[in-house]
Amino acid sequence: MSLVKPSQSTGVEGHHDGADFHSEDSSYLEKRSLRKGSAGWVLLAGLGVSYVISGDFAGWNNGLAHGGFGGLLIAAVIIAGMYLAMVLGMAEMSSALPAAGGGYTFARRALGPWGGFATGTAILIEYAIAPAAIATFIGAYVESLNLFGITDGWWVYLAVYAIFIGIHLTGAGEALKAMFVITAIALVGLVIFAVAAIGLFDVGNLTDIAPTDAVGASTFLPYGVLGIWAAVPFAIWFFLAVEGVPLAAEEAREPEKNVPRGIIISMLILIVTGATVLFLATGAMGAAGLADSGNPLVEALGGGTAAKVVNYIGLAGLVASFFSIMYAYSRQTFALSRAGYLPRNLSITNSRKAPTLALIVPGVIGFVLSLTGEGAMLLNMAVFGAAVSYVLMMVSHIVLRKREPQMKRPYRTPGGIATTSFALVIAAGAVIATFLVDPVAALWTLIAFTAFMAYFALYSRHHLVANSPDEEFAVLAEAEDELE
């Protein structure tokens with residue numbers, strides 16, 4: 001195996017793992033650098049909650065139509081365990097490999113260029129499509145609230161993409177602070193909901209769906225045992241995208257400490273908020289009525305001042321996730337582009353150290369997808385991409401623990417590979433469950449994934465940049481292996 005050596009040339013200097021590498025000069029990386037030290041653990045924890053908070057306001061309740069309260073509850077407990085185990089594994093990898101690529105960086109070191117790009121692609125599909133789904137929900141909220149007299153959602157989609165891309169272009173520090181404020185407002189809305197819903201709670205409402213003739217059906221599991229599996233994709237919506245916190249590693253202060261702390265704290269907060277809305281909303285309105293609701297928290301409260309307040313704040317929750325996932329897709333695009341996996345112009349940063357085209361290009365694609373109005377299908381496409389990335393990231397943790405036991409790990413996953421093996425098994429089941437619920441969404445996601453991999457096979461694997469930060473982590477490991 002020949003390793004890449006630093007050089008000023010841009011010709012092919014090394015070939016290994018089925019890919020060709022070259023080094024770029026210092027000006028290449030100077031044009032592709034992020035602002036360091038923009039966030040501590042508090043902002044990172046806020047970022048993790050911000051990614052997910054919209055899932056507490058809408059989307060999860062559709063799982064009641066597939067599993068009933070019991071099926072969704074069991075699915076949510078299993079998925080919460082998977083996410084917690086996965087987050088603990090990612091906390092370890094982010095402390096050892098703090099770079100903007102997040103999951104791509106981890107998989108690149110463990111699984112080589114093919115595995116790294118496959119992981120990065122699955123993450124990018126998740127983050128590029130999720131905002132499109134959320135944009136359709138924002139449009140529906142704006143129309144239902146009769147804000148600004150808007151009756152056609154596409155104007156809303158265009159406005160939110162344009163406004164929030166503009167804010168992100170001002171720099172990471174400003175964007176993260178804005179996200180933190182919006183997320184805090186959304187959390188206040190959940191507290192108001194919880195206080196109001198407690199007085200409406202009736203335990204009988206949890207199991208008001210009549211049992212079907214499915215295997216194992218009961219009042220607790222009206223759709224039987226398979227209903228648990230069918231509810232899994234909707235349970236994922238309670239936590240989808242929290243794994244994006246490590247994408248902020250290059251812009252964080254002391255990332256080896258603050259990224260693990262931020263992602264773990266955000267996960268613990270999300271477990272509390274998810275459990276709160278699952279029990280109180282279902283108990284207040286009933287599983288049967290809530291199953292098809294587009295605005296479950298508001299409908300659970302009925303009329304009154306609290307419902308109106310939660311309705312408006314629910315819009316803040318949707319905006320928070322839209323805003324923050326936009327940050328995530330830009331950093332994943334940036335990292336893959338800087339290393340040559342995607343067109344390299346996508347990683348050029350502006351004077352405020354924000355990746356301009358990495359924000360704009362996926363945003364344009366997301367806006368076009370939002371025009372379909374198929375929010376539910378887009379959501380399931382994002383879930384499928386996420387589940388595939390979870391499988392690859394957990395395999396990466398296991399491989400790195402086995403192959404590189406001496407790697408410096410400022411944070412170590414409790415339980416080691418047993419913890420991430422549990423997450424791996426559940427994530428694999430989630431991939432299959434997505435096919436059960438929405439095979440069309442899964443198929444479209446597979447087509448997009450295949451197109452990315454074809455681009456890598458035919459072109460970009462011959463043009464990788466060896467001295468990009470994410471690739472240097474991998475090249476260093478390969479050099480150490482050779483010396484040993």
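Each remark here, short or long, concerns the structure printed above.
In this report, we go over the structure that sits alongside the text. Here, residues in each chain are numbered from 1, in the same order as that chain's written sequence. In keeping with the predicted nature of the model, local features appear solely for residues at pLDDT of at least 70, side-chain atom pairs appear and are counted solely at 80 or more, and the whole-chain, interface and lining totals rest on all residues. For the side-chain quantities, the full set of heavy atoms in the structure was used; hydrogens and water were omitted.

If you walk across this open sheet you meet the 3 strands as E1-E2-E3, and the pairing is mixed. Bordering the open sheet on either side are strand E1 (14-16) and strand E3 (464-465), each of which pairs with just one other strand. Each pair of strands is called paired provided DSSP finds at least two bridges between the two strands. The secondary structure listing takes helices from DSSP runs of H or I that are at least 4 residues long and strands from runs of E that are at least 2 residues long, numbered from the N terminus. Two elements, strand E2 (residues 19-22) and E3, share 2 bridges in a ladder whose sense is parallel. Counted as the bridge partner of Phe21 is Leu464 from E3.

In this scheme, a helix's expected span is set at 1.5 Å multiplied by one less than its residue total. Over its 33 residues, helix H4 (residues 64-96) runs only 40 Å from end to end, short of the ideal 48 Å by more than 12%, given 1.5 Å per residue. In this scheme, the bend at a residue equals the angle between the axes fitted to the seven residues that finish there and the seven that begin there. Gly70 marks the point of greatest bend in H4, at about 80°. Any residue under 20% of the maximum accessible area for its type is buried, any over 50% is exposed, and the rest in between are partly exposed; the area is computed with a 1.4 Å probe on protein chains only. In terms of burial, H4 is largely enclosed, as 26 of its 33 residues are buried.

Between the first and last C-alpha of helix H5 (residues 103-144) there are merely 38 Å, a value that for 42 residues lags more than 12% behind the 62 Å anticipated at 1.5 Å per step. Within H5, the axis deviates most sharply at Leu111, by approximately 150°, and proline Pro113 lies no more than four positions further along. Burial runs high along H5: 36 of the 42 residues are buried. Looking one or two residues beyond H5, the residue adopting positive phi is Asn146, at roughly 60°.

Relative to the elements of secondary structure, Asp56 occurs in helix H3 (residues 54-57). A residue counts as positive if it is Lys or Arg and as negative if it is Asp or Glu; His and the chain ends are not included. A pair is scored as a salt bridge if a Lys or Arg side-chain nitrogen falls within 4 Å of a carboxyl oxygen belonging to Asp or Glu. In this structure Asp56 is buried but unpaired, with Arg261 as the nearest side chain of opposite charge at 22 Å. Ignoring anything within four residues of it in the chain, the contact list for Asp56 reads Leu190, Phe238, Thr273, Gly274, Val277 and Leu297. Whether two residues touch is decided by their heavy atoms; if any such pair falls within 4.5 Å, the residues are in contact.

This part is about a nonpolar patch on the surface. To count toward a patch, a residue needs a relative accessible area above 30% and no salt bridge. Like charges then connect within 9 Å, nonpolar side chains (Val, Leu, Ile, Met, Phe, Trp, Tyr) within 5 Å. Here the accessible surface of atoms and residues is derived via Shrake-Rupley with a 1.4 Å probe, and residues count as covered only by protein chains that are part of the display. Taken together, the side chains of Leu357, Ile360, Val361, Val364, Ile365 and Val368 make up a nonpolar region of the molecular surface, amounting to roughly 450 Å² of accessible area. Note that Ile365 resides in helix H13 (residues 356-370).

Residues enter a nonpolar core if they are buried and are Ala, Val, Leu, Ile, Met, Phe, Trp, Tyr or Cys, with the set joined through side-chain atoms within 4.5 Å. Counting residues in hydrophobic clusters, the biggest one holds 163 residues, and the most contacted among them are Trp60, Tyr83, Ile138 and Phe193. Counting residues per element, this core draws most heavily on H5, at 19 residues. Once you skip the residues sitting within four places of it in the chain, Phe193 turns out to touch Val277, Leu280, Ala281, Leu297, Ala300, Leu301 and Val310.

The axes are straight lines fitted to the C-alpha atoms, using for helices just the contacting stretch, and the angles between their N-to-C directions are given from 0 to 180°. Close contact between H4 and helix H8 (residues 226-236) brings their axes to 7 Å; oriented N to C, the two are set at 60°. With respect to each other, H4 and H8 are oriented oblique. The handedness of the crossing between H4 and H8 is right-handed. Together, His66, Gly67, Gly71, Leu72, Ile74, Ala75, Ala76, Ile79 and Tyr83 of H4 and Gly227, Ile228, Ala230, Ala231, Val232, Phe234, Ala235 and Ile236 of H8 make up the contact between the two elements. In these notes the angle categories are as follows: under 35 degrees is roughly parallel, over 145 is roughly antiparallel, 65 to 115 is roughly perpendicular, and the rest is oblique. Two helices that cross are described as forming a left-handed crossing if the nearer one is turned anticlockwise from the farther one by less than a right angle, and a right-handed crossing if clockwise.

Right, let's get into unusual backbone geometry. Positive phi outside glycine occurs at Ala241, with the angle close to 90°. Despite not being glycine, Lys353 shows a phi value in the positive range, around 65°. Mapped onto the secondary structure, Lys353 falls in the loop between helix H12 (305-338) and H13.

Here we come to the packing of aromatic side chains. For Phe, Tyr and Trp, rings pair up if their centres lie within 6.5 Å, where Trp contributes its six-membered ring, and each pair is then called stacked (planes under 30 degrees apart), edge-to-face (over 60) or tilted (otherwise). Counted according to the given criterion, the structure contains 18 aromatic pairs. With a centroid separation of 5.6 Å and an interplanar angle of 25°, the aromatic rings of Trp60 and Phe238 are classed as stacked. Taken together, the residues span a long stretch of sequence, with Trp60 in the loop between H3 and H4 and Phe238 in the loop between H8 and helix H9 (255-285) at a distance of 178 residues. By relative accessible area, Trp60 is classed as buried at 0%. Ring centres 5.4 Å apart and planes at 75° place the aromatic pair Phe69 and Phe279 in the edge-to-face group. Taken as a pair, Phe69 in helix H4 and Phe279 in helix H9 lie far apart in primary sequence, 210 residues in all. An aromatic cluster is defined as three or more aromatic residues linked by ring pairs; in this entry it consists of Trp60, Tyr83, Phe238, Phe239 and Tyr390.

Looking now at the environment of Tyr411. Among the secondary structure elements, Tyr411 is positioned in the loop between helix H14 (375-403) and helix H15 (417-437). Given a relative accessible area of 22%, Tyr411 falls into the partly exposed group. In this structure, the C-alpha to C-alpha distance between Tyr411 and Trp154, residues 257 residues apart in sequence, is 45 Å. Discounting chain neighbours no more than four positions away, the residues touching Tyr411 are Leu88, Ala91, Glu92, Ser95, Pro260 and Ile264.

This brings us to the packing of H15 against helix H16 (residues 439-458). At a minimum axis distance of 5 Å, the contact between H15 and H16 shows a crossing angle of 120°. The angle between H15 and H16 falls in the class oblique. Residues Thr434, Phe435, Leu436 and Val437 of H15 form the contact with H16, whose own contacting residues are Pro439, Ala442 and Leu446. Gly is placed with the polar residues, together with every amino acid not listed as nonpolar (Ala, Val, Leu, Ile, Met, Phe, Trp, Tyr, Cys and Pro) or charged (Asp, Glu, Lys and Arg). When grouped by side-chain class, the residues that make up the contact of H15 with H16 number 6 nonpolar, 1 polar and no charged.

The next point concerns the pattern of salt bridges. According to the stated counting rule, one finds 9 salt bridges in the structure shown. The partner of Glu92 in a salt bridge is Arg409, with the nearest N and O atoms 2.9 Å apart. A residue pair is termed long-range when its members are at least 10 positions apart, and Glu92 in helix H4 and Arg409 in the loop between H14 and H15 qualify at 317 residues. Residue Glu92 shares its accessibility class with Arg409, and that shared class is buried. Notably, a salt bridge pairs Lys257 with Glu254, separated by 3.6 Å at the nearest N-O pair. Given a relative accessible area of 47%, Lys257 falls into the partly exposed group. Among the residues examined, Glu254 registers a relative accessible area of 45% and is labelled partly exposed. Linked through salt bridges whose partners overlap, the residues forming this network are Glu92, Arg401 and Arg409.

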